[in-house]
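In case you want the letters, here they are:
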Amino acid sequence: MPGANLTRTEAAERRALVDVERYDIDIDLTTGSDETFRVVTRVEFTGEPGATTFIDAITERVHSIVLNGDPLDPETHSTGVRVILPVLRERNVLVVDADFRYMNTGEGLHRAVDPADGEVYLYSQFEVPDARRMYACFEQPDLKASFALSVTAPSRWRVVSNQPTPEPVPLDDGPTGPRSQWRFAPTPRISTYITALVAGPYVSWEDELVSADGRTIPLGVFCRASLAEYMDADNVITTTKQGFEYFERHFGVPYPFDKYDQLFVPEYNMGAMENAGCVTFTENYVFRSRVPDAVRERRVVTILHELAHMWFGNLVTMQWWNDLWLNESFAEFISTLATAEATEWSGNWVTFLASEKTWAYRQDQLPSTHPIVAEIRDLDDVLVNFDGITYAKGGSVLKQLFHWVGREPFFAGLREYFDKHAWGNTRLDDLMREFEAASGRDLADWTAKWLETAGVNLLRPVVETDADGVITSFAIKQSAPAEHPTIRPHRLAVGVYAEREGGAVERVHRVELDVDGERTEVPELVGVHRGDLLLVNDDDLAYAKIRLDDDSLAFAQRRAGDIADPLARGLVLASIWDATRDAELRARDYAELVLACIDRETEPTARRQLLGQLTTAVKRYTAPDARDAVGARVADELWALAQRAEAGSDAQFAYVRAFAQLAVTDEQLDAVEALFAETARLDGLEVDTDLGWELLFALVAGGRAGGDDVDARLDEDRTSDGQRSAAQARAAIPTAEGKRAAWRSVWVEPGATNDVARATSAGFWNVHDESLVTPFVDEYFAGLGEIWSTRSFQMAEFLIAGFFPGAVPSDEVVAAARGWLDANVDAAPALRRLVVEGLDDVERALRVRARDAQ
Ligand SMILES: [Zn+2]
C-alpha cells in the first residue's frame, strides 16, 4: 500500500524525539457497519519541543485530530496512513477520532463470519506494522507504552485483550442490539505489535496456576462456538502448565503478565502470535477430524514457542526488526528444548531435524539467502524475512551456540539478560555479552562467522582403512558455496555405527570435537574399526550439510531403516535427500529408499517429512518420461503399506493420505473411490470429514468427481473448513473452464479471503495433465505488478508464491521468470525476491530431473 512503509532511519529519528507514556484507546464495535469501526485514541507522550513528527494510523476516515488542545484539519494532517504532528511540546496529548477498516486478510482487525451459524468473530494480528490499522500509534517496537483499552461490543460477546477481562458495563442499545463496555486496566509497558483484541461469541475453558512468585495466573482457552465440541482444552492447558514450570525455572524470572489466554481464531495466516497474555492460534490446531500425530506434536511446540515469547520478545524486546531473528530463533530453540525435556514428546529433536533444519538448509541455498542478522532497512524488508533463515537457521545456530558455550552458562547468561533488561529494548550485543560473561568464551569470531554471513557449509568425511576395516586416517573436509565462501567453526560429533546381533544398526563409537578450516584431522578415530556406517554430525549438534563416504552410502541405501536411533536415522536420510536435491543421486532411487525404510519409522514428524519428500521426488524430481511409471509404482507401494499397517495407526493414516495424493491409475482411483464411498474400508481407518475431503480432492483431480460432488459435500459441511476444502477441490477440476474459474476467483478478482486464496492455489497446480495450467504461465508474469501494487502485503505474498508455476518446471517457465526479472529491475525487492526464489526452485527441479534421467 503506497506510503505505508517506515524506514529504520525514520524510526530512529522519531525515537529520538518521542517517548510514549500511555494510550487510552476507545473502540466501538457497534457502529452498525460491517466495513468499519470507530476508535478514539488518546496518547500521552513527551516530545522534543518545536519538533515535527508523525503518528501511524491507516484510517478509512478521520473525524478529528486534536493535539494539545488545538484541532488539526484532517484534510491536511492525515494521509490515510500517517497523521502529521506539526509542533511538539515537552508534554503532549494527542486525540485522534477515526474510522478504521475491518480486514479479511488476517492483518489488523480481522472480521470473519462463521458460515456454520452466521456469527461474527474478530481478532487482531499486528506484527509487524498493523496495530495502526486499529488505533493511532507510534508503530515501532522501541516506543513502548502502557495501553488502556475500552471496548464497546454486543453484550453477549466475549472481549479479550492483554489485561484480564473486566466485568462489562451495560450501555444503551446500539444499532445492533444490547451493548456493553469493557474497560481494561492499563498494560505494563509493551510494544504496539503485541497488543491485541479478540471479540465475538467465543466460548472458553478456564483454569489457573500459581506463578513462581506466588500469584494466581488465570488460564483461558477460547474458540468459536461451532468448534467447541472439538476443542481439547485439557491438553492445551496441560502443555501450558508444563511450559510455565519449565520457563520460570530456567529463566529465573516469574511470568511477567497477569493472565494467559490462548485463542484459536478463524482465517489465521500463521501458526500463532505471541500477543502479551493473549496468544492467538490457527484453527488448524482445533482438531475437528483426525490429524497426523505430527500436527499434535507441532501444536505442543507452538504453545511453548508462544509462551517463551512472553519473556523473550515481550518482557525484553528487540529495538528494531533487524533482531527479529533473535526473537524467533530463540523461541524456536527453547520451545524444542522444553518440548523434549518437559512434555511427552521427548523425541522432539528428531522433529527439529525433520522440519526446522530441513527448512533452513533449503532456504539457505536459495539465491535470496541472507545472513541471520539481516539488514532491515524498512518494513518491506522485515515482512519478507519471516523465513527459514530467521526461524529455522537461527534456531539451529542457537542450538550450536548452546553446545558451544555449554548448558549452564547459557541459562546463567539468559537469567542475567532478563534481569537487566526487563520491560526494555535490546540488541544482539546485549545478549551475547551475557553469554560471554557466563561462559568465559569470546564470541566475536563466532558471531561474525555464524550470524553475519550467509550460506551453509558442506562437511564430507575422508576415510582410509586397512584391509581389516580399521581406520588409518580420518578427516573432515569443509567446503562452502562460491557465493558464500565462509568456512566456519563447528562443535560436532562423529559416530561409528555397526550391525548388531538381530540386525539392528547401532552406534559403537563416538567422538566429539571442534571442527574448523577446510580440513580437520580426527586422530581419535585412527585405530577404530570403521563399522558399517560413519556419521559426521552425529547427534545433530552442528548446522551443516553432510555427506556419507561411499561405503556408508551404499550401506545406508540398503539398511537405513535398520538404524535404531531415530535421530541418527534421520540424519542419514536427510543427507541422502540433500544429495538428491543437489542432483548427485537419482530421485527414483530416493523414492525406492523411502519405500524400503518408511515402515520402520517411529517418529511421526519424520514419517510425515519422508512422505512429503517422496511425493516431491515423484512429482517434481523424476524425469518426465519415467514419472508416470515411477508414480504408479510408488502409489501402489503406499497402498500396500496402508493395508499392512497396524489398524488405526498414525502410519496407516499417513500412507492413505499420501496414496490419495499420488493416485493416478484406474485401479488406484478405484481404490480411492471405494474408500470415499465406504464400499471398502481399512481396519481402524475412519473416513471422517477432513479425510473425506482429501479423498474427494484426489477424485476431482483424477477426473472421477466434479463441481456437483464438491457442492454436495459442502452442503453437508457448511463450515469455514468446508469452504476452504471446497475451494481447493474446485480449483483442481481438470478442465480448461475449471482452471479459468479458479484463476479468476482469486488472481483476477480481489474479494477472496486469505484462507480461500491459499486453498485455491494449492488445488490449482495439482494436475495430471500439465497442458491445463501452462496457459497461465504468461498471465502470471503479466499480472505480478498489479497484484503487488493492489493487494495487501500478506495477500500479495500468498498469491505470488502460491501461483508461481513451479509445479510445472520447464525451460519456458525459466525463460518467462528470467524475462520478467530482466524487465523489472526496479520492482520492489520483496516482489523480486519471491520471483527469484520461484525461479531457483524450478531450475533446481530441472537439474534434478536431468540427473534422474541418467
Ligand atoms: Zn515466534
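Before reading further, recall that the structure is shown in the block above.
As the structure is a computational prediction, the values presented were derived from the model and not from experiment. (Residues numbered from 1 in each chain as written. Predicted model: local features only at pLDDT ≥ 70, side-chain atom pairs only at ≥ 80, totals over all residues. Heavy atoms only, no water.)

1. Let's talk about empty space enclosed by the protein
As enumerated under the stated definition, the model contains three cavities of 30 Å³ or more in all. Forming the boundary of the largest cavity are Phe-312, Gly-313, Val-316, Thr-317, Met-318, Asp-323, Leu-326, Asn-327, Tyr-417, Thr-426, Arg-427 and Leu-428. (1 Å grid on protein atoms, 1.4 Å probe; cavity = no way out; pocket = protein on both sides within 12 Å on 5 of 7 lines; lining within 4 Å. Points joined across faces, edges and corners; volume = space filled by probe spheres on them.)

2. Quick notes on the sheet that holds strand E11 (residues 158–161)
Pairing in this open sheet of four strands is antiparallel, and the strands run E8-E9-E14-E11 from one edge to the other. Only two strands of the sheet have a single partner each, and these edge strands are strand E8 (108–113) and E11. Sheet twist, expressed as the mean angle between neighbouring strand axes with direction ignored, is 10°. Both E8 and strand E9 (residues 120–125) contribute to a ladder of six bridges, which runs antiparallel. Its bridge partner being in E9, Arg-111 is matched across the sheet by Leu-122. (Pairing = 2+ DSSP bridges. Helix = DSSP H or I, 4+ residues; strand = E, 2+ residues; numbered from the N terminus. Axes fitted to C-alpha atoms, helices over the stretch in contact; angles between N-to-C directions.)

3. Concerning the pattern of salt bridges
Under the criterion given, the structure shown has 77 salt bridges. When the shortest N-O distance is used, the salt bridge between Arg-704 and Asp-666 registers 3.7 Å. Here the residue Arg-704 occupies a position in the loop between helix H19 (689–701) and helix H20 (707–716), and Asp-666 occupies one in helix H18 (residues 666–677), the gap between them amounting to 38 residues. For Arg-704, a relative accessible area of 27% gives the class partly exposed. Its relative accessible area of 51% is what places Asp-666 among the exposed residues. Through salt bridges with shared partners, a single network forms among Arg-288, Asp-690, Asp-717, Asp-721, Arg-724, Asp-755 and Arg-758. (Salt bridge = Lys/Arg side-chain N within 4 Å of Asp/Glu carboxyl O. Buried < 20%, exposed > 50% of the residue type's maximum accessible area, 1.4 Å probe, protein only.)

4. Topic: the coordination of the zinc ion
Reference geometry at the metal: tetrahedral coordination by four donors gives ideal angles of 109.5 degrees; octahedral coordination by six donors gives 90 or 180 degrees. The zinc ion binds to the protein through His-305 (NE2), His-309 (NE2) and Glu-328 (OE); the donor distances cover 2.0 to 2.1 Å. Ordering the donors of the zinc ion by residue number gives the pattern H-x3-H-x18-E. On the criterion of sequence distance, the pair formed by His-305 in helix H4 (residues 293–309) and Glu-328 in helix H5 (residues 324–342) is long-range, its members being 23 residues apart. (Donors = N, O, S within 2.8 Å, 3.2 Å for Na, K, Ca; no water.)

5. Some points on the sheet that holds strand E24 (residues 490–499)
Pairing is antiparallel across the open sheet formed by three strands, whose spatial order is E25-E24-E27. A single partner strand is all that each edge strand has here, and the edge strands are strand E25 (505–515) and strand E27 (533–538). For this sheet, the mean angle separating the axes of adjacent strands, direction not counted, is 20°. Pairing of E24 with E27 involves five bridges; the strand directions are antiparallel. Of the residues in E27, the one forming a bridge with Val-496 is Leu-534. Its contacts with the sheet put helix H8 (residues 389–405) on E24 and E25, and the angle it makes with E24 is roughly 95°. In this fold helix H12 (residues 550–559) packs onto E24, E25 and E27, with an angle of close to 95° to the strand it touches most, E27. (Contact = heavy atoms within 4.5 Å.)

6. A few points about the environment of Ala-782
As for its placement among the helices and strands, Ala-782 is situated in helix H24 (residues 776–790). Relative accessible area serves as the criterion here: at 69%, Ala-782 is assigned to the exposed category.

7. A short note on the side chain of Arg-844
Relative to the assigned elements, Arg-844 resides in helix H27 (residues 829–853). For Arg-844, a relative accessible area of 6% gives the class buried. In this structure, Arg-844 is in contact with Gln-365, Arg-581, Asp-582 and Tyr-621, ignoring residues within four places of it in sequence.

8. Examining the pairing of E24
Of all the 10 residues making up E24, eight are buried; the element is thus mostly covered by neighbouring parts of the structure. Pairing between E24 and E25: 10 bridges, direction antiparallel. Looking at E25, one finds that Ala-493 is bridged to Glu-512. Counted between consecutive antiparallel strands, the loop separating E24 from E25 contains five residues, among which Gly-502 sits at a positive phi close to 95°.

9. Topic: unusual backbone geometry
Residue Glu-127 is joined to Val-128 through a cis peptide bond whose omega torsion reads 15°. With respect to the helices and strands, Val-128 occurs in the loop between E9 and strand E10 (146–154). Backbone geometry at Glu-267 places phi at a positive 55°, although glycine is not the residue there. Relative to the assigned elements, Glu-267 resides in the loop between strand E17 (260–265) and strand E18 (272–273). Judged by its relative accessible area of 13%, Glu-267 falls in the buried class. Here Ala-583, not a glycine, exhibits a phi torsion of approximately 60°, which is positive.

10. As for the side chain of Thr-302
Note that Thr-302 resides in helix H4. Among the polar contacts made by the side chain of Thr-302, one reaches the side chain of Tyr-285 at a distance of 2.8 Å. In this structure, Thr-302 is in contact with Gly-271, Ala-272, Phe-281 and Tyr-285, ignoring residues within four places of it in sequence. (Polar contact = N/O pair within 3.5 Å; in protein donor to acceptor, adjacent residues only side chain to side chain.)

11. Some thoughts on the pairing of strand E3 (residues 53–56)
A two-sided burial pattern is seen for E3, the buried positions comprising Thr-53 and Ile-55 on one face and Phe-54 and Asp-56 on the other. When E3 meets strand E6 (residues 82–85), the two strands line up antiparallel, connected through four bridges. The partner of Ile-55 across the bridge, within E6, is Val-83.

12. Some words on H4
For H4, which comprises 17 residues, the first-to-last C-alpha distance of 25 Å matches the rise-based estimate of 24 Å (1.5 Å per residue) to within 8%. The buried fraction of H4 is high, at 14 of 17 residues. (Expected span 1.5 Å × (residues − 1).)

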